[in-house]
Amino acid sequence: QLQLVESGGGLVQPGGFLRLSCAASGFPLDYYAIGWFRQAPGKEREGVSCISFTGGTTTYADSVKGRFIISRENAKNTVHLQMNSLKPEDTAVYYCAARPYFCSTTSPDFGSWGQGTQVTVSS
């Protein structure tokens, strides 16, 4: 049973930065692609970024491309999302999720989910 826990959320001003982490337990992350999704109040959950099991492939939503960077440290069973130049529209609960090997941008393809961490961008 793979379990995921997000951390690193908080309140930041526009233009600020945060680093989110997704820590896994139960199984090594070596076999899993990890995606980051977010959900703002009243909006549908959207894919933000994904990294394949080796880190060889990464994907980003157009809205975050050039601002966010996803990375993984399999030896630490951890995936990170560095979020820079944050905007108010980035405000959401951010979730990490796992699926076998390769990335997808579709949330139903991910079978394991964390509880989420709140990111609020406001002045």
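Here goes a summary of the coordinates provided. (Residues numbered from 1 in each chain as written. Predicted model: local features only at pLDDT ≥ 70, side-chain atom pairs only at ≥ 80, totals over all residues. Heavy atoms only, no water.)

### As for the packing of aromatic side chains
Evaluated as defined, the whole model comprises 7 aromatic pairs. Both rings, one in Tyr 101 and one in Phe 102, keep their centres 6.1 Å apart while their planes meet at 40 degrees; by these two values the pair is tilted. The exposed category is assigned to Phe 102, whose relative accessible area is 53%. Where Phe 110 meets Trp 113, the ring centres are 6.4 Å apart and the plane angle is 65 degrees; that geometry is what we call edge-to-face. Owing to a relative accessible area of 26%, Trp 113 belongs among the partly exposed residues under this scheme. Taken together, Phe 37, Tyr 95, Phe 110 and Trp 113 form an aromatic cluster joined through their ring pairs. Against the face of Tyr 95 rests Arg 45, its NZ or CZ located 4.4 Å from the ring centre. Stacked on the ring of Trp 113, the Lys or Arg Arg 45 has its end atom at 4.7 Å from the ring centre. (Phe/Tyr/Trp six-rings, centres within 6.5 Å; stacked < 30°, edge-to-face > 60°. Buried < 20%, exposed > 50% of the residue type's maximum accessible area, 1.4 Å probe, protein only. Lys NZ or Arg CZ within 6 Å of the ring centre and 35° of its normal.)

### Quick look at the pairing of strand E7 (residues 68-73)
Every other side chain in a regular strand lies on the same face of the sheet, so the side chains alternate between the two faces. Side chains Phe 68, Ile 70 and Arg 72 project from E7 onto a buried face, and the interleaved Ile 69, Ser 71 and Glu 73 project onto a face without burial. A loop of 4 residues connects E7 with strand E8 (residues 78-83), the two strands running antiparallel in sequence, and Asn 77 in this loop sits at a positive phi of about 55 degrees. (Helix = DSSP H or I, 4+ residues; strand = E, 2+ residues; numbered from the N terminus. Pairing = 2+ DSSP bridges.)

### Some remarks on the state of the cysteines
One pass over the structure, following the stated rule, counts 2 disulfides. A sulfur-sulfur separation of 2.1 Å characterises the disulfide bridge that pairs Cys 22 with Cys 96. In this structure the cystine formed by Cys 22 and Cys 96 twists about its S-S bond by roughly 70 degrees; its chirality is therefore right-handed. Of this pair, Cys 22 sits in strand E3 (residues 18-25) while Cys 96 sits in strand E9 (residues 92-100), and the two are 74 residues apart along the sequence. (Disulfide = S-S within 2.5 Å.)

### Here we look at the pairing of E8
Across the 6 residues that make up E8, a large majority, 5, are buried. As defined by bridge partners, E3 adjoins E8 across 6 bridges and the pair is classed as antiparallel. Paired with Ser 21 across the two strands is His 80, which belongs to E8.

### Section: the pattern of salt bridges
Counted according to the given criterion, the structure contains 5 salt bridges. Linking Arg 38 and Asp 90 is a salt bridge whose minimum nitrogen-to-oxygen distance equals 2.9 Å. Here Asp 90 lies in the loop between E8 and E9 and Arg 38 lies in strand E4 (residues 32-39), a separation of 52 residues in the sequence. Classification of Arg 38 as buried rests on a relative accessible area of 5%. Here Asp 90 ties to Arg 67 by a salt bridge, and the two come within 2.8 Å at their closest N and O atoms. With a gap of 23 residues between them, Asp 90 in the loop between E8 and E9 and Arg 67 in the loop between strand E6 (58-60) and E7 connect regions that are remote in the sequence. Exposure remark for Arg 67: the relative accessible area of 10% places this residue in the buried category. Taken together, the shared-partner salt bridges connect Arg 38, Glu 46, Arg 67 and Asp 90 into one network. (Salt bridge = Lys/Arg side-chain N within 4 Å of Asp/Glu carboxyl O.)

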